[in-house]
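Secondary and tertiary structure notes
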Amino acid sequence: MKIKTRPIKLLKPWVFAIFGIALITQLSFHHFSLKGDKSTTNLKPAPNSSISKILSMGEHSAIAKITLLWLQSFDSQSGIKLRYNQLDYTNLGNWLDTILDLNPSSDYPLLLASQIYTMVPDTDKKRQALEYVYTKFLENPNKHWRWLSQCAVIAKHQLKDFDLALKYAKGIREKASAAPTWARQMEVLLLDDIGEYQTAEIILGGLISSKQYRDEKELAFLQEKLTEIKQRTVEK
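Right, let's walk through the structure included here. (Residues numbered from 1 in each chain as written. Predicted model: local features only at pLDDT ≥ 70, side-chain atom pairs only at ≥ 80, totals over all residues. Heavy atoms only, no water.)

1. Remarks on the overall build of the protein chain
Here is the rule we go by: Only runs of H or I of at least four residues qualify as helices and only runs of E of at least two qualify as strands under DSSP, and these elements are numbered from the N terminus. Here the term buried applies to any residue with accessible area under 20% of the maximum for its type, exposed to any over 50%, and partly exposed to those in between, with areas from a 1.4 Å probe on protein chains only. The criterion used for residue contact is that any of the two residues' heavy atoms lie within 4.5 Å. Here, Shrake-Rupley sampling with a 1.4 Å probe gives the accessible areas, and only protein chains in the shown set may cover a residue.
Within the protein chain, the secondary structure is distributed over twelve helices and two strands. When the elements of the protein chain are put in sequence order from the N terminus, they spell out α-α-α-β-β-α-α-α-α-α-α-α-α-α. The buried share among the 236 residues of the protein chain stands at 45%. Excluding contacts between residues fewer than 6 apart, the proportion of contacts in the protein chain whose partners are at least 24 apart in sequence is 69%. On the protein chain, roughly 12900 Å² of surface is accessible, and the fraction owed to carbon and sulfur atoms is 56%.

Written out as structure tokens, the structure reads:
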């Protein structure tokens, strides 16, 4: 079911007033906690989702957008330019959760998690962002598979962690029935890369035999790839 949203400019003034007071309180607390301590860079804990929904007075989608804009600008605070790897990623995930609870139809929080908050040199935080996306994917695979496919690429090329990349690719194949063939075939391509030809052959054969393709073109593509992998198996 498609969720209807209204432009922010159509919101009633009292909605802005109520939510503005709550947000200003949060920001003011954060500002004064930073004053005199330039080393403090952590996000404060996100408000309870239920409280956020009450304060939004039914304007969940619009308030989610306002909160998202604030979160995106958090890396510049009190004249200090922060790097993403200085942020508290646990609290960051909680803020993204709050935004998703307010507007479940939005893809932007997962776009940020998979493409922006993974751009850090801290591998632990990079992994934390990837796992956040994976957790959300498990909640709604057919909606979030595209963001997990991005995570699989990051795991492979940036972290050089093939096991993690395979975990994400396998999740797409097994759980995201609405994902296109190229996405559900990522696992096969990864196995092909590391020489696991027999496993890749079994998976491809399963995709074909269970008719997990949308048309004859996709079927031909899968069959061609299966032939290539069988040839590599013989040559191995």
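2. Examining the packing of aromatic side chains
Applied cut-off: Centres within 6.5 Å are what make two rings of Phe, Tyr or Trp a pair, Trp counting through its six-membered ring; a difference in plane orientation under 30 degrees is then read as stacked, over 60 as edge-to-face, and the rest as tilted.
Evaluation of the coordinates by the stated rule reveals four aromatic pairs. On the numbers, 5.4 Å between centres and 40° between planes, the contact of tyrosine 134 with tyrosine 168 is tilted. In this pair, tyrosine 134 is assigned in helix α6 (residues 123-139) and tyrosine 168 in helix α8 (residues 162-175), connecting sequence segments 34 residues apart. For the residue pair tyrosine 134 and tyrosine 168, the accessibility class agrees, reading buried in each case.

3. Looking at unusual backbone geometry
At lysine 160, a position not held by glycine, the phi torsion is positive, near 55°. The topology assignment puts lysine 160 in the loop between α7 (141-157) and α8.

4. Some thoughts on the environment of glutamine 231
Mapped onto the elements of the fold, glutamine 231 is located in helix α12 (residues 216-235). Placed 34 residues apart in sequence, glutamine 231 and tyrosine 197 show a C-alpha to C-alpha distance of 9.4 Å.

5. Focus: the nonpolar core
Going by this rule: Within this scheme, the nonpolar core is defined by two criteria: the residues are buried Ala, Val, Leu, Ile, Met, Phe, Trp, Tyr or Cys, and they are joined through side-chain atoms within 4.5 Å.
Counting 59 residues, the largest nonpolar core has Leu71, Leu130, Tyr168 and Ile172 as its most contacted members. If sequence neighbours within four positions are ignored, leucine 130 has contacts with Thr118, Cys151, Ile154, Ala155, Leu159, Leu164 and Tyr168.

6. Overview of the side chain of glutamate 187
Structurally, the position occupied by glutamate 187 is in helix α10 (residues 186-193). Excluding residues within four positions of it along the chain, glutamate 187 makes contact with Leu166, Ala169, Lys170, Arg173 and Ile203.

7. Observations regarding the pattern of salt bridges
Where side chains of opposite charge bring their charged atoms close, a pairing between them can arise. Stated formally: What counts as a salt bridge is simple: a side-chain nitrogen of Lys or Arg found within 4 Å of a carboxyl oxygen of Asp or Glu.
What the rule picks out here adds up to nine salt bridges. A salt bridge links lysine 143 to aspartate 107, with the nearest nitrogen and oxygen atoms 3.2 Å apart. Of this pair, lysine 143 sits in helix α7 while aspartate 107 sits in the loop between α4 (89-102) and α5 (108-116), and the two are 36 residues apart along the sequence. Here aspartate 107 falls in the partly exposed class, since its relative accessible area comes to 28%. Its salt-bridge partner being aspartate 161, residue arginine 127 comes within 2.8 Å of it at the nearest N-O pair. Taken as a pair, arginine 127 in helix α6 and aspartate 161 in the loop between α7 and α8 lie far apart in primary sequence, 34 residues in all. The class for arginine 127 is partly exposed, based on a relative accessible area of 31%. The class of aspartate 161 is buried, set by a relative accessible area of 17%. Here the salt bridges share partners, and the residues they tie into one network are Lys170, Arg173, Glu174 and Glu187.

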